[in-house]
Structures are given as C-alpha cells and as structure tokens.
Amino acid sequence: MDAVKTSNKGYSAELFVVTFNHMKESVDNGSKVHILLSFGQHGRELITSEVALRLLYILTEKRKIAGVDLSSFERVLENLVIKVVPMENLNGRKRVEEGELCDRRNGRGVDLNRNWSVDWGKKEKDYDPYEENPGIAPFSEPEAQIMRELSRSFKPHIWVNVHSGMEALFMPYDHKNTTPNGASAHLMRSVLENLNHRHFQDSCLVGSGGGSVGYLAHGTTTDYMHDIAKVPMPFTFEIYGDEKASTDDCFKMFNPVDKTTFDRVINKWCMAFLILFEEGLRNLREAQIVSQGALDNWVPIGGDIVERNVERKSTRERRKLEGLDLGMQELRTYFRLFMLSTFLLMFMFCTRISKNRNRDSSNVFDP
C-alpha cells in the first residue's frame, strides 16, 4: 500500500493505493492486464469503500463469497495487476462522518467527478452548484491530480469508478447521450452485457451514463479515461440505491441500513468484480489488446511513480498553472462583460429604431 499526498492553494489530500499482484512479482512482463478501481469518490456513498475493503480481503485471504469456491479464479488473477483506491475522497468522507450525510464533495466543496478536463465546466439547466461544483479549473483538486498521475503511470486496460445511488453498469459517455463508436465500444458493451447476464440476470441498466442515468454529467473521470487516457475499457458502476428513501435521508438513499442487505450488496458486487476480471481478460486477449506471452518491455508497477510525478512539479510550474487559472478566469469575466455590453447596446439600438418608426407613423397618419 502506497500513500500519495499533494496540495493545491492551501488544500491538501492524501490517497492510499493498494496494489495486488497475485504472483508476487516486482515487475510486470507486459502480458498482464492492468486494472484500476476507484471507490469513495463521493463522500456520502460509504458502501463503495466497504466493497473495496472486502474485495481486497477476498483477494489476499482467499475468502469465499457466499459459498462460492474462488479457486476457479486463481488462473485469472495470475494474469492481472490490480490497483485499488479504497477511498478517493478522504476529506469528503470525514465531512460525512461529522454529520454532513448528503455531502458528495471534497474537503473544499468541489465535486471530484466534475473536475476532469473532458467537457469541463458545462452546466445543464438543472445544474446544482452544491452538488456539482466543478472547481475553478480542470484538475484544480489534489485528489483529481493524484488519480490522473496514477492513470498515466499505471496505464490501466480496465478502469472502474464505483458509485452508489442505483444499480447500473455504465460505459462512456457521461456528458452526452451516446456511446463511443467503433470496436472499443463493442468490446465494452460485450463485457458489460456478459457480466449483466451471467451475474445479475439482466437486471442492471447497461449503456452510457449520459443516456441512462437521467441527466448529463460534464467533466467526469470515466469520460477522461476514455477520451484522453485511452483506457480500452473505462466503466462506472452504480452498486446500490434505495429508490423508496426520502430525498432528505441521504444515508439510506445511498447505503444499505440493515446487515442482511449490507452483506448481500457486498457479496454480490465482490463476485461481480471477479467476473469482470475474467470477462475483461478474455475479451482483451481476443481483441489482441494485451498479449498472452512475455514481452521485452518490462515496466515497474509500484505506486512510488505516482508520488514522484506529483512531487516533481516545481513551485514555478505550480505558479504557472495557478496564473493560467487566474488568467482564464479573467478572460471568462471579460467575455461575459463584452457579451452583456453588446446585448445592452443592441437593445438600446433596437429601442431607438422602434421609437423613430412610431414617431414617423404618427406624423404620416395623424390628421
């Protein structure tokens, strides 16, 4: 387990990254599938981190899931390197545990799933600044910066961002009501539909987040992982939701409140991840995205790369970024003032023309 820290404008964050490598190798020979899982991006969705911890316990202690023999997955696990971020939003989680049960944002009020660069900052008609604050610029938040560096250094083949609020298996896009085109989209849909059929008896929603969840989300992590990081299989999983819960009872809406339901959700989704690993490995190899044999290109898999990359940012570089943020803010302000001034001038001009026409009409027709 690696602890990664960074800060921005007086706000700091720390993430823990757990690496699971079944064969206990210190290097990856290039034939393994890289899987990156993030839980707890929204503070109020506590159940997601519980699934992360149980999944890690199952992987390391070989615990059975509701009587299921996991030995059949041993061969699959030998071909994977899995990195797990059990709680991406540690500061936001602290706010929830202190009583802010409806808060999904980080420690300074930014929604981490709106702070990424793809279609960042766009606001829909139903935009809620409390729920969806995207920050002052893409990657303004340390948590998002760390996750970006982690994706760059680890280069995952499969990415899953785990949330609660409903039960669904989503692929890109979140910011528009469509899915990507081409072979990669077919590959992603095939994996999700097989998982849904094998494990959920076709009960989960499958498709794009923007087309299925009921609203569009801009600046999300999964859309970045697809468009920028070029992850072959980026997904968002929604693992639980109580539709009957009052909108004022956020804890019940996003988390099971009795032990029976809690255990059922944990076991069901841990098993779902094992099946995802199996389906993902098979489909990636059939599509020849990852090889089945050893390669000469050996790469490190330790988490220290992330910390080095984050800390390598010099004070001068950070000042440049902050200056760029401020410059962009000023440009946006000047643009808004320009548009407002233009609108007012056009309004005054049209009003003047209208008055002149009325005066001319009265001169012509007045007896």
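These figures come from a predicted structure and were not determined experimentally.

Draft legend 1. Quick look at the packing of aromatic side chains. Tallied over the full model, the rule gives 9 aromatic pairs. An angle of 45° between the planes, with centres 4.8 Å apart, marks the rings of F200 and W269 as tilted. With F200 in helix α6 (residues 183-200) and W269 in helix α10 (residues 259-286), the pair connects residues that are 69 residues apart, well separated along the chain. In this pair, the class of F200 matches that of W269, namely buried. Ring-pair connections join several aromatic residues into one group, and the members of that group are F39, F200, F235, F237, W269, F273 and F277. Taking the ring centre of Y127 as reference, the NZ or CZ of K123 above it sits at 5.2 Å.

Draft legend 2. Looking closely at helix α5 (residues 142-154). Taking 1.5 Å as the rise per residue, α5 with 13 residues should run 18 Å; its terminal C-alpha atoms sit 18 Å apart, in good agreement. In terms of burial, α5 is largely enclosed, as 12 of its 13 residues are buried. Residues P142, E143, A144, Q145, I146, M147, R148, E149, L150, S151, S153 and F154 constitute the buried set of α5.

Draft legend 3. Main features of the UniProt feature "active site" (unreviewed entry) in the chain. UniProt records the feature "active site" (unreviewed entry) for E238 in the present numbering. Note on placement: E238 falls in strand β9 (residues 233-240). With sequence-adjacent residues up to four places away left out, E238 is seen in contact with H163, S164, G165, M166, E167, A168, F170 and W269.

Draft legend 4. The arrangement of a nonpolar patch on the surface in detail. Side chains of F343, L344, L345, F347 and M348 sit close together on the surface and give an oily, nonpolar patch of about 580 Å² of accessible area. For L345, a relative accessible area of 58% puts it in the exposed group.

Draft legend 5. Summary view of the nonpolar core. Counting residues in hydrophobic clusters, the biggest one holds 53 residues, and the most contacted among them are L37, I82, F235, F237, F273 and F277. Looking at this core, the element that brings in the most residues is α10, giving 13 residues. Beyond its immediate chain neighbours, meaning those up to four positions away, L37 contacts L55, I82, K83, V84, V85, V160, F273 and F277.

Draft legend 6. Focus on the sheet that holds strand β6 (residues 158-163). An order of β1-β2-β5-β4-β6-β9-β7-β8 is seen for the 8 strands of this open sheet, with the pairing classed as mixed. The outermost strands of the open sheet, each flanked by one partner alone, are β1 (2-8) and β8 (205-208). Looking at each pair of strands side by side, their axes are set apart by 20° on average, direction ignored. As paired elements, β6 and β9 share 6 bridges and run parallel to each other. Looking at the pairing, V160 lines up with F235 of β9. Across the sheet, α10 lies against β4 (33-38), β5 (80-85), β6, β7 (166-171) and β9, angled at about 165° from β9, the strand it touches most.

Rules used in this analysis
Residues numbered from 1 in each chain as written. Predicted model: local features only at pLDDT ≥ 70, side-chain atom pairs only at ≥ 80, totals over all residues. Heavy atoms only, no water. Phe/Tyr/Trp six-rings, centres within 6.5 Å; stacked < 30°, edge-to-face > 60°. Helix = DSSP H or I, 4+ residues; strand = E, 2+ residues; numbered from the N terminus. Buried < 20%, exposed > 50% of the residue type's maximum accessible area, 1.4 Å probe, protein only. Lys NZ or Arg CZ within 6 Å of the ring centre and 35° of its normal. Expected span 1.5 Å × (residues − 1). UniProt positions renumbered as here; feature names shortened; annotations may be inferred. Contact = heavy atoms within 4.5 Å. Patch = residues over 30% accessible without salt bridge, like charges linked within 9 Å, V, L, I, M, F, W, Y side chains within 5 Å. Areas by Shrake-Rupley, 256 points an atom, 1.4 Å probe, with all protein chains shown as cover. Salt bridge = Lys/Arg side-chain N within 4 Å of Asp/Glu carboxyl O. Core = buried A, V, L, I, M, F, W, Y, C linked by side-chain atoms within 4.5 Å. Pairing = 2+ DSSP bridges. Axes fitted to C-alpha atoms, helices over the stretch in contact; angles between N-to-C directions.

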